Amino acid sequence: MITHRCLHPSLSKPSLSFLSSSSPPFLQHLSFLPTSPSITKPVFVHSVKPLHVKCSSTNLTSQSHPDHAPPISTLKIAIIGFGNYGQFLAKTLVSQGHIVLAHSRSDYSHVAKKLGVSFFLNPHDLCEQHPEVILLCTSIISTEQVLKTLPLQRLKRSTLFVDVLSVKEFARNLLLDALPLDFDIICSHPMFGPQSAKQSWKDLFFVYEKVRIGNESSRVQRCEQFLGIFQSEGCKMVEMSCQEHDKLAAGSQFMTHTVGRVLDMLGLESTPINTKGYETLLDLVENTCRDSFDLYYGLFLYNKSALEMVERLDLAFDALRNELFGRLHHVVRKQFFENGEKVKSVHGSSYQNGAASAFSSNALRSQDVTIPYEFKGKILESVDDSSKLKVAIVGFGNFGQFVAKTLARQGHSVLAYSRTDYRDAAQKLGVSFFSDANDLCEEHPEVILLCTSILSTEKVLKSLPFQRLKRSTLFVDVLSVKEFPRNLFLQLLPPEFDILCTHPMFGPESGKNGWNELPFVFDKVRIGNDERRVARCNSFLDIFAREGCRMVEMTCAEHDWHAAGSQFITHTMGRVLEKLQLESTPINTKGYETLLKLVENTAGDSFELYYGLFMYNVNAMEQLERMDFAFESLKKQLFGRLHGVLRKELFGDSEKLEVLQEKSVRKNGAALSSSPESVKIS
């Protein structure tokens, strides 16, 4: 991936006194911008107010519900920018009894009327109403232009200006630069919107800084009255400097929007086998992509910490990819040069190297995506004797023990074998533990349940003494990839053995409170026609159906196709974010909480599991490449726009001068050709 270190704010320390205060903070870190001799006002680049975080813990009797709030004095509030967000705030302001005026370039008079808001197309008319508060609900990119069009001279000199932009240092500097010293200023950020706060504002963050408030008691009281609007709705009031807000927001809000837009470019869709982690990604895409690209671009351009986050995400993705390909190189090297004489084909039709073959005939996608498994029996706490199974769990680690607990509770006879001595854990669960595979197989279990890791499955399977088992034994796996074990079973197991490939799409963490409605995918790869063998297969599936699992019958090829687009993407994004070492902030958004939870869930799994998802799913490489392409495309969008801004900043005036000179030459040339002197000369 191409990095943009030449633009990184930490790599250059220009003199900021040469920059126009109206330049975006991002551009104020570029040392090659032209000087502006006309600047007379000081440039406010960094917040000079020391950091003070104040999480409101006021004992409002009504913080849970606004109806019980202390009375709030009526304010006359003018909303500038009456789009979706302005209308969203207006609804609450009106419900609290405030007088609300509105102005916007678009005619929203009909919407305003429904909300009980007075709408003004002309800003002069609005300002002549002398509102006590001007609430700026404009987009980040248009704020400066809108502010310059307001007839400030028609307002009272002590008017309170409040912005609700998602970036704060830019807004702070702009308001300080553009407004007369008489006006009061609050920079605020309600960290919610029409979607995330459609039920209520309770426990949602409202960040603010009292940038400039006059000493008069009436102005101090007005400031508190405005903040009380949000406090009375149950918001978590957080007072912090604009500088600190932007630093935290770059790591939370900007990162959340970036991840959401990258995932949106992948065209993620719901699958029949969604995991909880994948569901959170789908929700994240839905929430972030409802916002305009202008909002996202504003978060990037007007927060000087945003570029650092882009670069960190870039480096994290590169590091993860290098880790994957580094391991892959080792596997390929071993494949070709092991023992100095074995040379095998990487693209063999079988799974001799344990890697999935892209040329397998089974890779064709199923036309019928899902066939629900119908459990006809009554779901009971226990099973009758005829349905009890003797199940041998091979691989008794965390997942093996997790499944064994439910099997034992249902009354099945459970045996276990593992290379590690789990005798004590088995005894607590009521499971018979065997340290020798021969001893286990001589017990003639009806079902061999492989709970090994993906990477060790082939080795473990080859080590089992099949000759000591009954010839019709049912083999079941629970791997997160399905074509690999299917082909491995068909290749290594005697033809008399039955084969059932399954994937419980949950684990000890996601299934700790029960398995109800969690997806269980299965493919009856090879089940004998004998009634007893069919009944045994169904009895095993009933174990999960009785627990309320959503039973989904699907081919192994179809499973791997869906899983690459859901499970592998989820794990990849979780591990990329893990490398960023994201931390909780005092102003977490719901979207950022989703990312933190995703990291927590995926980081709990071993890298071997993730590597197995990559190595043994033929679709994983395509998904990795698509993620790479999506991130590069998003960066091109951001830096493409940035190029236009830089060009305007650097060459705007000179280009205008060149155009005027060219027009002048044309005009003068035309006049010269039509003059009498020109006729004489010709």
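Above this note sits the structure.
Everything numeric in this text was worked out from a predicted model, so none of it was measured. (Residues numbered from 1 in each chain as written. Predicted model: local features only at pLDDT ≥ 70, side-chain atom pairs only at ≥ 80, totals over all residues. Heavy atoms only, no water.)

Structural notes on the nonpolar core
Phe161, Leu263, Phe300, Leu461, Phe475 and Leu577 are the most contacted members of the largest nonpolar core, which totals 113 residues. Beyond its immediate chain neighbours, meaning those up to four positions away, Leu263 contacts Leu268, Leu281, Leu284, Val285, Ile569 and Met573. Listed in part, the 35 residues of the second largest apolar core include Phe82, Tyr85, Val164 and Ile186. (Core = buried A, V, L, I, M, F, W, Y, C linked by side-chain atoms within 4.5 Å. Buried < 20%, exposed > 50% of the residue type's maximum accessible area, 1.4 Å probe, protein only. Contact = heavy atoms within 4.5 Å.)

Some details on the packing of helix H8 (residues 276-288) against helix H17 (residues 556-579)
Two elements in contact, H8 and H17, have axes whose closest approach is 9 Å; the angle formed by their N-to-C orientations is 85°. As summarised for this structure, H8 and H17 are arranged roughly perpendicular, according to the angle between their axes. Across the interface between the two elements, Gly277, Tyr278 and Leu281 from H8 touch Gly565, Ser566, Ile569 and Thr570 from H17. Here the contact of H8 with H17 is composed, by residue class, of 3 nonpolar, 4 polar and no charged. (Axes fitted to C-alpha atoms, helices over the stretch in contact; angles between N-to-C directions. Helix = DSSP H or I, 4+ residues; strand = E, 2+ residues; numbered from the N terminus. Parallel < 35°, antiparallel > 145°, perpendicular 65-115°, else oblique. Nonpolar A, V, L, I, M, F, W, Y, C, P; charged D, E, K, R; others polar.)

What to know about the pattern of salt bridges
Going through the model one piece at a time under the given rule, you end up with 25 salt bridges. For Arg219, the salt bridge identified is with Asp184, shortest N-O distance 2.6 Å. Here Arg219, found in helix H6 (residues 217-231), pairs with Asp184, found in strand E7 (residues 184-190); they are 35 residues apart in sequence, far enough to count as distant. Asp184 shares its class with Arg219; the two are buried. Members of the salt-bridge network, linked through shared partners, are Asp184, Glu216, Arg219 and Arg222. (Salt bridge = Lys/Arg side-chain N within 4 Å of Asp/Glu carboxyl O.)

Section: empty space enclosed by the protein
Taken as a whole, this structure holds 3 cavities of 30 Å³ or more when the rule is applied. Estimated volume of the largest cavity: approximately 90 Å³. In this structure, the largest cavity is lined by Thr258, Val259, Val262, Leu313, Phe317, Met573, Val576, Met627 and Phe631. Counting only elements with at least two residues in the lining of the largest cavity, the list comes to helix H7 (242-265), helix H10 (306-337), H17 and helix H20 (620-674). With 3 residues, the single largest contributor to the lining of the largest cavity is H7. Class assignment of the residues belonging to the lining of the largest cavity gives a composition of 8 nonpolar, 1 polar and no charged. (1 Å grid on protein atoms, 1.4 Å probe; cavity = no way out; pocket = protein on both sides within 12 Å on 5 of 7 lines; lining within 4 Å. Points joined across faces, edges and corners; volume = space filled by probe spheres on them.)

A word on the pairing of strand E17 (residues 519-526)
The side chains of a regular strand alternate between the sheet's two faces. For E17, the buried fraction is high: 6 of the 8 residues fall into the buried class. Alignment of strand E16 (residues 498-504) against E17, held across 5 bridges, turns out to be antiparallel. Following the sheet pairing, Ile499 is matched in E17 by Arg526. In this structure, E17 lies alongside strand E18 (residues 550-553), joined through 4 bridges in parallel fashion. Counted as the bridge partner of Pro519 is Arg550 from E18. As a crossover connection, the stretch from E17 through helix H16 (residues 531-545) into E18 is right-handed. (Pairing = 2+ DSSP bridges. Right-handed = clockwise from strand over helix to strand, strands pointing away.)

Remarks on helix H11 (residues 398-409)
The periodicity of an α-helix, 3.6 residues per turn, causes residues three or four positions apart to be oriented the same way. With 12 residues, H11 extends 17 Å from end C-alpha to end C-alpha; this agrees with the ideal 16 Å at 1.5 Å per step. Among all positions of H11, only Phe399, Gly400, Gln401, Phe402, Val403, Ala404, Thr406 and Leu407 are buried. The elements touched by buried residues of H11 are strand E11 (390-394), strand E12 (413-417), helix H12 (423-429), strand E14 (447-450), E16 and H16. Residue Gly411 follows H11 closely and has a positive phi angle near 100°. (Expected span 1.5 Å × (residues − 1).)

A look at the environment of Lys405
Mapped onto the elements of the fold, Lys405 is located in helix H11. Spatially, the C-alpha atoms of Lys405 and Leu429 are 6.1 Å apart, while their sequence positions differ by 24 residues.

Concerning the packing of aromatic side chains
What the rule picks out here adds up to 35 aromatic pairs. Summarising the aromatic geometry, the rings of Phe396 and Tyr422 are spaced 6.3 Å apart at their centres and angled 70° between planes, so their arrangement reads as edge-to-face. Placement of Phe396 in the loop between E11 and H11 and of Tyr422 in the loop between E12 and H12 is noted, with a sequence separation of 26 residues between them. Overall, the relative accessible area of 0% leaves Phe396 in the buried class. Residues Phe402 and Phe506 carry aromatic rings whose centres are separated by 6.3 Å and whose planes lie at 75° to one another, so their mutual orientation is edge-to-face. With Phe402 in helix H11 and Phe506 in the loop between E16 and E17, this pair connects stretches of sequence that are 104 residues apart. Classification of Phe402 as buried rests on a relative accessible area of 14%. Through successive ring pairs, a cluster of aromatic residues spans Tyr85, Phe88, Phe192, Trp201, Phe206, Tyr208, Phe226 and Phe230. (Phe/Tyr/Trp six-rings, centres within 6.5 Å; stacked < 30°, edge-to-face > 60°.)

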